[in-house]
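Below, each chain spelled out in residue letters.
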Amino acid sequence: MAEGRGRLIAFEGTEGTGKSTHLSLVAGALRHQGYAVCETREPGGTAMGAEIRRLVMHLDSAAPTALAELLLYLADRAQHIAEVIRPALAAGQVVLTDRFSASTIAYQAYGRGLDLATVSQLDALVCSGLTADLTVLLDCPVAIGLQRARGDDRFHRAETAFHERVRQGFLIQAAEHPDRYCLIDATRAREQVTAQVLAAVRAALPPP
């Protein structure tokens, strides 16, 4: 990777759209092309984040309120940015993150029904000017995604209406910021999706 600031690429989408799979495949391809790549995720990209992930995704007996859930995710992001993302960017790496700010807007504002302006303001406070250089939005109908999803956390078990609201939240963000989003049909063959994702990511990067 050339010297200078790295790039932050966020992989977003509802459950079962293949974010983790395509992130890993793209990371391998970029490394083969000579890029220094940092693969990470939210929540869980740090030791503290792993504990937050357990709380927000698997604590069914005492699930957090919508506001508490938002604040836990933002605490994870604050630590993630300070400990992983900013140092990697400063080193000129390509940071590929499985979820970032778009997920907070989609899940907590549109999905949970928290005030959109408040969620956006709190996220902006935590990010302190950091935004994804490109957001890859992998999209498919909710029913298809839930059939594909392999997780067994409380998000995968949420009602279909919740996931529909989340999907609309993602699509609205992509429509409002077409210059920063790449919307990809995740229902196609995996090889086709990966090729399109890789092309979009490469277009957002300087030469290795």
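Residues numbered from 1 in each chain as written. Predicted model: local features only at pLDDT ≥ 70, side-chain atom pairs only at ≥ 80, totals over all residues. Heavy atoms only, no water.

With respect to the element layout, Gln108 can be found in helix α4 (residues 101-111). By relative accessible area, which is 1% here, Gln108 ends up buried. (Helix = DSSP H or I, 4+ residues; strand = E, 2+ residues; numbered from the N terminus. Buried < 20%, exposed > 50% of the residue type's maximum accessible area, 1.4 Å probe, protein only.)

Our next topic: the pattern of salt bridges. Tallied over the full model, the rule gives 9 salt bridges. Notably, a salt bridge pairs Arg77 with Glu42, separated by 2.7 Å at the nearest N-O pair. Of this pair, Arg77 sits in helix α3 (residues 66-90) while Glu42 sits in the loop between β2 (37-41) and α2 (47-58), and the two are 35 residues apart along the sequence. Overall, Arg77 belongs to the buried group, its relative accessible area being 3%. Put simply, Asp123 and Arg77 hold a salt bridge, and the shortest N to O gap is 2.7 Å. Separated by 46 residues along the polypeptide, Asp123 in helix α5 (residues 116-127) and Arg77 in helix α3 bring together distant segments of the chain. For the pair Asp123 and Arg77, one class covers both residues: buried. Sharing partners across several salt bridges, the network here consists of Glu12, Glu15 and Arg99. (Salt bridge = Lys/Arg side-chain N within 4 Å of Asp/Glu carboxyl O.)

Attention now goes to the packing of aromatic side chains. A complete count under the given rule lists 2 aromatic pairs for this structure. With centroids separated by 6.1 Å and ring planes inclined at 80°, the aromatic side chains of Tyr107 and Phe170 adopt a geometry described as edge-to-face. Here Phe170 lies in helix α7 (residues 160-176) and Tyr107 lies in helix α4, a separation of 63 residues in the sequence. Taken individually, Tyr107 and Phe170 each receive the classification buried, so the pair is uniform in this respect. Chaining the aromatic ring pairs together yields one cluster made of Tyr107, Phe162 and Phe170. (Phe/Tyr/Trp six-rings, centres within 6.5 Å; stacked < 30°, edge-to-face > 60°.)

This next bit is on the pairing of strand β4 (residues 134-139). Remark: a regular strand shows side chains that alternate across the two faces of the sheet. Among the 6 residues in β4, 6 count as buried, and that is most of the element. Neither face of β4 is open: one carries Leu134, Val136 and Leu138, the other Thr135, Leu137 and Asp139, and all of them are buried. Pairing of strand β1 (residues 7-12) with β4, which is carried by 4 bridges, proceeds in the parallel orientation. Bridge pairing links Ala10 to Thr135 in β4. (Pairing = 2+ DSSP bridges.)

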